Amino acid sequence: MSVQILIPTPLRQFTNNLESVAVEASSVGEAMRSLCVKYAPLQKHLYSDDGKLRNFVNVYVNDEDIRYLQKESTPISEKDILSIIPSIAGGDV
Amino acid sequence: MIKLSQAAFDAIRKHGEQAFPHECCGVLFGKMNGEQRVVGEVFMIENQFEEVERYHRFLITPDNYREAEKVARVKKVDIIGFYHSHPDSPSVASKYDLDHAFPWFSYVIVSIMKNKYHDIHSWVMENDRSKFNEENVAIE
């Protein structure tokens, strides 16, 4: 089924400036992978080299953080909207 | 180039001094004017990193980000980037900053030395995540 993923401003340069992208998927993990297949330059910003979602990349299904659901195995249906929400960390050495 | 309004600059400087010896952090609200970033005001965030690490770390949680987005929407402005302080350290983006950065955003860093403002610089990450490039800061 087709679900919408909302793309945050800093990543829209990699999605032809689209604010949302439709992908075919039945779980969050599938949706995120499909997104990266569609727009390959997103891969290194969303996933680390070991293939895990970067820990400052947060995915919400509607208003719920997937960390409190079933993480990337969280099932999704056609009416769900996925959002990629940055958390911002940094600091001195 | 990134232009900070005097009010935004004053707020960043004051926040950095008040948070010392911890790092402060916040969101830059503004607009793009062609290639130029224009920041009119900042949205202060309470550093969410564990307290014992706040002398060299900051964290803006996804909930903080979503709240900032809502406020920005009401004000009809965009999130241009973020600011944070480096207490007793130069305003140079660190490896840790790079590892945690998003592309496109401006990362404004204010150096606070012994409780007082020292200087300010802004950085934007390369799209291949290899490094930060400095962008000029104008205050007006």
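Notes on the structure in this doc start here. This one's a predicted model, so the numbers in the text were calculated from it and none came from an experiment.

## Focus on the nonpolar core
Soluble globular proteins tend to bury their nonpolar side chains together. Residues A:Leu35, A:Leu46, A:Ile84, B:Ile79 and B:Phe82 are the most contacted members of the largest nonpolar core, which totals 52 residues. For this core, the element with the highest residue contribution is helix H1 (residues 28–38) of chain A, accounting for 5 residues. In this structure, B:Leu4, B:Cys24, B:Val39 and B:Ile80 belong to the second largest nonpolar core, which totals 16 residues.

## Looking at the sheet that holds strand S2 (residues 25–33) of chain B
Residues and elements named next belong to chain B. Pairing within the open sheet is mixed, and its 8 strands lie in the order S8-S7-S6-S5-S2-S3-S1-S9. With partners counted over all chains shown, the strands left at the sheet margins are strand S8 (132–135) and strand S9 (137–139), one partner each. Across the sheet, the mean angle separating the axes of adjacent strands is 35° when strand polarity is ignored. In the sheet, strand S1 (residues 2–4) pairs with strand S3 (residues 36–45) via 3 bridges, with the strands oriented parallel. Considered in S3, the bridge of isoleucine 2 is made with arginine 37. Across the sheet, helix H1 (residues 6–19) is in contact with S1, S2, S3, strand S5 (78–87), strand S6 (106–113), strand S7 (116–125) and S9; its angle to S3 comes to roughly 40°.

Quick notes on the rules
- Residues numbered from 1 in each chain as written.
- Chains lettered and ligands numbered in written order.
- Predicted model: local features only at pLDDT ≥ 70, side-chain atom pairs only at ≥ 80, totals over all residues.
- Heavy atoms only, no water.
- Core = buried A, V, L, I, M, F, W, Y, C linked by side-chain atoms within 4.5 Å.
- Buried < 20%, exposed > 50% of the residue type's maximum accessible area, 1.4 Å probe, protein only.
- Helix = DSSP H or I, 4+ residues; strand = E, 2+ residues; numbered from the N terminus.
- Pairing = 2+ DSSP bridges.
- Axes fitted to C-alpha atoms, helices over the stretch in contact; angles between N-to-C directions.
- Contact = heavy atoms within 4.5 Å.

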